[in-house]
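# Understanding the architecture of this molecule
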Amino acid sequence: MVQSLLALAPTLLVIAFFLLGPFNWSRHRSWSRAVTCAFVAAIALRYMLWRFTETVLPYPNDGANFYWVWFVFIVEFLAFSEVVLFLILMSRCVDRSAEGYRLERQFFERGERELPTVDVFIPTYNEPLDVLERTIVGALALDHPKDKLNVYVLDDGRRDWLRTFCEGRGAIHVTRSDNAHAKAGNMNNGLRVSSGDFIAVFDADFVPYRSFLRRTLPFFMDETIGIVQTPQHFFNVDPIQSNLGLENLWPDEQRLFFDEIAPSRDGWDVSFCCGSCSIARRKAVDAIGGFPTESITEDLLTTLSMLNRGFKTRYLNERLSMGLAAENLTGYFVQRERWCQGGIQTLYLHNGPLRGPGLSLFQRVMFLPMSWLVQYLVRFIVLLIPIIYLWFGALPLYFTDVADYVSNQVPLLAAYFLLMFWLTPTRYLPLVSTAVGTFSTFRMLPTVLSSLVRPFGKPFKVTPKGSSNEANVFDAYTFTWIAGFIVVTALGLLINIVPETARVEGSFSAIAALWSGLNIVVLIIASLICFEKPRRLLQAFKLDEPVDVGGVEGRLVSLSLDKAVVAVSTETRFKSTKVRLNIEGFAPLEADLKQVTQRRGDITRTGDKQRYYLHLHYDLRGFERDKMIIKLYTGRYSRDVPDIDKIAVSVNLLLRAFGRTRTA
């Protein structure tokens, strides 16, 4: 009993520290972040010293198991190195919004004549009109003098219908004779035909808010600023949210980076360009010889090249655009594999973190692609360790007793999870976050290994989007790997429960059994992501505005480019399914009344009248459609990022896992 209490003492100390300290401090203050991250780093260092001196060095050289112990430790040391870099990074955070408003007042005091010229680049290859029209119309609507704004649609698909669309809207359609160097080459061709002082870049599926230039241009009053990056927000759910059934309970996967990690990188002056939703100084781009073509992630390499020349990147954490998240798992992995390969490519380049001139040692370390190199290997080994032990009896460490293990590893896990809860209270849930990372491991680890061996072996691949996207499919490849690990882990447990077939014995068996159980739970959650859900091409925005439908007053509660949902307080009878919809700022729309519904959870009463929802469909064309695009996508509305409802997420996943198990 006494030994058990002593083993738990370090964990209780960690919990007490967070309850008395960080959970009562503001996570936005540098001193509180520095103290908390230093405390967690000390716990991690304590664990690694124990691992090395007590569980690795004492292990006898008895053949294969000796090398297995050292291999596991080396992988764990890599994970420790990544955690330390993460702690250093997160010990600072900066919010530039207040600075932005101060600079904005100074910048626009000069008057319209003094404002710089801006070129908007929209690089495109195979995106359909339902994707491109939003971006082009939104860019043309930017709040900037029209004689100082040019929108260039850089079309590597050389499509006549796109040229016609651009000419009808006032955008400049640009093509070239070949597609050399993919996106970077396309934008370099744009540099040759344009001359603006600044270049804003939006991928073909991102729509700028009208205020984008007003909020970003003032930062360039500092002549050392080469790029201003803004976060990427989405008006659709990503496949992780959708396939887990957590659309309204779990934020999109990139929120952790853009909301938490990117502001911390900016605090250390190691922020980097993420391509879309950024704006660059043309003089800085010219100074590095145009957008770099050596890597398939030209945005990251542009940042490094500018750092070589003394320019800096700023990150303004404000929602100033909306775009299309990867709509299915095919697009999801095309994106991630490109980012991974591009990050690793920088290690081999003259302007990368290892060899680039003008970089400080800190910058070199912080631009190493440690996360890509380490995280998937670590997750794979975490799945493998209990299997190796249960099937072959190979211990991953020199094991003394459970109390010693609990005294050293549990405090580290507690410290890390509590830190993440404190730093990212609405963006992190250990079990789900681990499951998402595990799901990606089976596709991403081969990409990491191939990129290390042949970093330039795969060409640039465009993420499929919109109506040209592939049909949703079941991810059989990943599911097969996940199912295989579940079966092998479960069989290993069963074999060792029966005395006649048991292959292992000793106190580590209890740890292995718990470890295996957690792995199985994580894998089951990860398997749910493999089942694709149907998607909707035109997303609807929730709103609440007065509207008139055929002379009946109601509230407009949902609106998209092709459909409106209007709430009325009484069941309305129309003589025809053709009704006139009057939305403020638009000519009356002829709409088809397709359906009248009641929502069980939303039914309200006004006296004795219930609320009904009219589903109205219409077909907008030409400039009326453009007006609707501007209304919906340029800053007036947004898809809110939900905070994590931990209980709802847990219940939802349990129900889905149980349902999948029953139907399997």
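Residues numbered from 1 in each chain as written. Predicted model: local features only at pLDDT ≥ 70, side-chain atom pairs only at ≥ 80, totals over all residues. Heavy atoms only, no water.

Moving on, we come to the state of the cysteines. Following the criterion strictly, the structure yields 0 disulfides and no others. A disulfide-free cysteine, cysteine 274 has its sulfur positioned 6.5 Å from the sulfur of cysteine 273, the nearest such atom. Of the cysteine sulfurs around cysteine 340, a residue in no disulfide, the closest is that of cysteine 274, at 16 Å. (Disulfide = S-S within 2.5 Å.)

Turning to the pairing of strand β17 (residues 612-617), a few remarks are in order. For β17, the tally of buried residues reaches 5 of 6 residues, placing the bulk of the element in the interior. Pairing geometry for strand β14 (residues 589-597) and β17, over 5 bridges, is antiparallel. In the strand pairing of β17, leucine 593 is matched with leucine 616. (Buried < 20%, exposed > 50% of the residue type's maximum accessible area, 1.4 Å probe, protein only. Helix = DSSP H or I, 4+ residues; strand = E, 2+ residues; numbered from the N terminus. Pairing = 2+ DSSP bridges.)

So, on to the side chain of serine 32. Its place among the elements puts serine 32 in helix α2 (residues 30-56). If sequence neighbours within four positions are ignored, serine 32 has contacts with Trp25, Ser26, Arg27 and Trp422. (Contact = heavy atoms within 4.5 Å.)

Following the criterion strictly, the structure yields 41 aromatic pairs and no others. Ring plane angle 80 degrees and centroid distance 5.4 Å describe the contact between phenylalanine 66 and tyrosine 67, whose orientation is recorded as edge-to-face. Judged by its relative accessible area of 57%, tyrosine 67 is exposed. The interplanar angle of 20 degrees and the centroid separation of 5.8 Å between the aromatic rings of phenylalanine 442 and tryptophan 481 together place this pair among those described as stacked. With phenylalanine 442 in helix α17 (residues 430-453) and tryptophan 481 in helix α18 (residues 476-497), this pair connects stretches of sequence that are 39 residues apart. A residue is classified by how much of its surface remains accessible, and phenylalanine 442, at 3% relative accessible area, is buried. Taken together through their ring pairs, the aromatic side chains of Phe17, Phe18, Phe23, Trp25, Trp31 and Phe39 make up a single cluster. (Phe/Tyr/Trp six-rings, centres within 6.5 Å; stacked < 30°, edge-to-face > 60°.)

The next point concerns the nonpolar core. Ranked by size, the top nonpolar core spans 102 residues in total, and within it Val14, Phe18, Leu244, Leu419, Phe439 and Phe508 carry the most contacts. Here the element with the most residues in this core is helix α3 (residues 64-90); it accounts for 13 residues. Ignoring anything within four residues of it in the chain, the contact list for valine 14 reads Phe39, Ile43, Pro411, Ala414, Ala415 and Leu418. Core analysis: the second largest hydrophobic core is formed by 70 residues, Val118, Ala200, Leu217 and Leu559 among them. (Core = buried A, V, L, I, M, F, W, Y, C linked by side-chain atoms within 4.5 Å.)

Looking now at the environment of glutamate 127. The topology assignment puts glutamate 127 in the loop between β1 (118-124) and α5 (129-140). Considering only alpha carbons, one finds glutamate 127 and proline 464, 337 residues apart in sequence, at a separation of 7.5 Å. In terms of polar contacts, glutamate 127 uses its side chain to reach the side chain of threonine 124, at 2.6 Å. (Polar contact = N/O pair within 3.5 Å; in protein donor to acceptor, adjacent residues only side chain to side chain.)

Moving on, we come to the pattern of salt bridges. Enumeration over the complete set of coordinates arrives at 28 salt bridges. Close ionic contact of aspartate 155 with arginine 159 constitutes a salt bridge, the shortest N to O distance being 2.8 Å. There is no split in this pair, since aspartate 155 and arginine 159 are both buried. Lysine 627 is paired through a salt bridge with glutamate 624; the nearest N and O atoms lie 3.4 Å apart. Here lysine 627 and its partner glutamate 624 are both found in helix α20 (residues 622-633), 3 residues apart, which amounts to about one turn of the helix. Residues joined by salt bridges that share partners form a network here, namely Arg96, Glu99, Asp266, Asp269 and Arg314. (Salt bridge = Lys/Arg side-chain N within 4 Å of Asp/Glu carboxyl O.)

Pairing within the open sheet is mixed, and its 7 strands lie in the order β3-β2-β1-β4-β7-β6-β8. Two strands lie at the open edges of the sheet, namely β3 (172-174) and β8 (312-315), each paired on one side alone. On average, each strand axis in the sheet is inclined to that of its neighbour by 25 degrees, with strand direction left out of account. Strand direction decides the pairing type here: β1 and strand β2 (residues 149-155), joined by 7 bridges, are parallel. Bridging from a neighbouring strand, proline 123 pairs with leucine 154 of β2. Against the sheet, helix α12 (residues 298-308) touches β6 (225-229), β7 (278-281) and β8, its axis set at about 150 degrees to β6. (Axes fitted to C-alpha atoms, helices over the stretch in contact; angles between N-to-C directions.)

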